[in-house]
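Secondary and tertiary structure notes
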Amino acid sequence: MRLSTVILPIHRWAEGQKIWRRAEELGFHAAYTYDHLSWRSFRDEPWFGAVPTLTAAAAATERIRLGTLVTSPNFRHPVTLAKDLITLDDVSGGRVTLGIGAGGGGFDATVLGQEAWSPKERADRFAEFLPLLDELLRNDATTREGTYYSAVEARNVPGCVQVPRVPFYVAATGPRGLRLAAEYGQGWVTYGDAKGPADVPAEQAPGVIARQLEKLAVACEAKGRDIGELEKVLLQGSTLEQPLESVDAFVDWAGTYRELGITELVVHWPVPDSVFANDLGVFERIATEGLAQLG
């Protein structure tokens, strides 16, 4: 099992770079950031772009993997995203992971002036977005005409450092998304119950994940893949569980999900006076001691 963190893009870089470097010093497997234009209670607070932040983080670090958790079609297009990704993969020396999902109904859904897409349209768009992005990142030139997304002789030379492309970690809980994860993903991401994760009692949360893993296994089997080929990533922070209260609480939490088959846990870097407020000292002890105590 691996332990990673999410660093929100809320810090001016003079301070932010210290956090990304510290994440590497603490031994986190990866440091991700949210790919939004604004987000929930932080909407009127500082919030910077994900790709420039990750590019700066790539230059400020040497070993830690970097990525989005997650990118969505809400305000992105596969052609421009592919160009950003091959650039970021080059700057980082092949340390990029793309967490990607269908998106939701938050501020990003209407910021470009469009009506918010229905769940069906989001799923339809994602089903077109992901295969095109896959093709763009694998080929020097791509032409494809779609209902929502097209590419006309789109060039991506020299391509990704990672072969055949940067890994996709697909966030999905529904049938169509899970099929896409099984077909295109090197990893799968969940944060709990998609219909209301903050309302799930802590004792019921593992059961939610277990059922999702069962559905993922079925989707993988239908695509001729072994579920063991995918990283199974749990993003903490959207349920009523409190694993960052102490090292012991983390060990109990991590052990439960390791037994279920989760291979990577992602915890939020503490942000004072927010939903992610946690003691930094305890957080750093969890980073350095937590997984070792699992045995």
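Our structure is the block above this text.
Residues numbered from 1 in each chain as written. Predicted model: local features only at pLDDT ≥ 70, side-chain atom pairs only at ≥ 80, totals over all residues. Heavy atoms only, no water.

In this section: the overall build of the protein chain. For the protein chain, the helix and strand inventory stands at eight helices and 10 strands. With the C-alpha coordinates aligned to their principal axes, the bounding extent of the protein chain is approximately 55 × 45 × 35 Å. Counting contacts in the protein chain only where the partners sit at least 6 residues apart, residues at least 24 apart contribute 72% of the total. Surface exposure of the protein chain reaches about 13,500 Å², of which carbon and sulfur atoms provide 50%. Each charge sign in the protein chain was given a centre, from 29 positive and 39 negative side chains, and these centres are 4 Å apart. (Helix = DSSP H or I, 4+ residues; strand = E, 2+ residues; numbered from the N terminus. Contact = heavy atoms within 4.5 Å. Areas by Shrake-Rupley, 256 points an atom, 1.4 Å probe, with all protein chains shown as cover. Lys, Arg positive; Asp, Glu negative; His and termini not counted. Charge placed at Lys NZ, Arg CZ, Asp CG, Glu CD.)

For the rest of this paragraph, the subject is a nonpolar patch on the surface. Residues Leu-37, Val-111 and Leu-112 make up a contiguous nonpolar surface patch of about 290 Å² in total accessible area. Inspection of the secondary structure puts Leu-37 in the loop between β2 (30-33) and α2 (50-60). (Patch = residues over 30% accessible without salt bridge, like charges linked within 9 Å, V, L, I, M, F, W, Y side chains within 5 Å. Salt bridge = Lys/Arg side-chain N within 4 Å of Asp/Glu carboxyl O.)

Attention now moves to the packing of aromatic side chains. One pass over the structure, following the stated rule, counts 12 aromatic pairs. Ring centres 5.7 Å apart and planes at 65° place the aromatic pair Trp-253 and Tyr-257 in the edge-to-face group. In this pair, Trp-253 and Tyr-257 both sit in helix α7 (residues 247-260), four residues apart, roughly one turn of the helix. The residues Trp-253 and Tyr-257 share a single accessibility class, namely buried. An aromatic cluster is present here, built from Tyr-34, Trp-39, Phe-42, Trp-47 and Phe-276 joined pairwise through their rings. A cation sits over an aromatic face here: Arg-165 above Phe-168, 3.6 Å from the ring centre. (Phe/Tyr/Trp six-rings, centres within 6.5 Å; stacked < 30°, edge-to-face > 60°. Buried < 20%, exposed > 50% of the residue type's maximum accessible area, 1.4 Å probe, protein only. Lys NZ or Arg CZ within 6 Å of the ring centre and 35° of its normal.)

Formed by 69 residues in total, the largest nonpolar core has its most connected members in Phe-28, Leu-133, Leu-137, Phe-168, Trp-188 and Leu-265. Each residue touching Leu-265, except ones within four places of it in the same chain, is listed here: Met-1, Arg-2, Leu-3, Ser-4, Leu-234, Phe-250, Trp-253, Ala-254 and Tyr-257. Ranked by size, the runner-up nonpolar core spans 17 residues in total, among them Leu-8, Val-189, Val-271 and Phe-276. (Core = buried A, V, L, I, M, F, W, Y, C linked by side-chain atoms within 4.5 Å.)

A few words now on helix α6 (residues 205-222). Since one α-helical turn is 3.6 residues long, residues separated by three or four positions face the same way. When the terminal C-alpha atoms of α6 are compared, their 26 Å separation across 18 residues agrees well with the 26 Å that a helix rising 1.5 Å per residue should span. Ala-205, Pro-206, Val-208, Ile-209, Gln-212, Leu-213, Leu-216, Ala-219 and Cys-220 are the residues of α6 that are buried. Looking straight down α6, one finds that the buried residues subtend no more than 145° of arc, so they occupy a single side. Seen from the open side of α6, the exposed residues pointing more than 90 degrees away from its buried face are Glu-214, Lys-215, Val-218, Glu-221 and Ala-222. Against α5 (175-184), β8 (187-190), β9 (231-235) and α7 lie the buried residues of α6. In the segment just after α6, Gly-224 is the residue with positive phi, at about 75°. (Expected span 1.5 Å × (residues − 1). Arc of directions from axis to C-beta.)

The linkage connecting Leu-69 with the following residue, Val-70, adopts the cis geometry, with an omega of 0°. Checked against the element boundaries, Val-70 lands in strand β3 (residues 65-71). That bond from Val-163 to Pro-164 is cis: its omega, 5°, falls within 30 degrees of zero. Non-glycine residue Glu-153 carries a positive phi angle of around 50°. Mapped onto the fold, Glu-153 is located in strand β6 (residues 151-155). Phi is positive for Asp-273, close to 55°, though the residue is something other than glycine. Considering the arrangement of structural elements, one finds Asp-273 in the loop between β10 (264-268) and α8 (280-290).

Attention now moves to the packing of helix α3 (residues 78-92) against helix α4 (residues 119-138). At their nearest, the axes of α3 and α4 sit 9 Å apart, and the two run at 45° to each other. Viewed along their axes, α3 and α4 adopt a mutual orientation that is oblique. For the crossing formed where α3 meets α4, the hand is right-handed. Contacts from Pro-78, Val-79, Leu-81, Ala-82, Leu-85 and Ile-86 in α3 reach Phe-129, Leu-132, Leu-133, Leu-136 and Leu-137 in α4. The class makeup of the residues in the contact of α3 with α4 is 11 nonpolar, no polar and no charged. (Axes fitted to C-alpha atoms, helices over the stretch in contact; angles between N-to-C directions. Parallel < 35°, antiparallel > 145°, perpendicular 65-115°, else oblique. Left-handed = near helix turned anticlockwise from the far one by under 90°. Nonpolar A, V, L, I, M, F, W, Y, C, P; charged D, E, K, R; others polar.)

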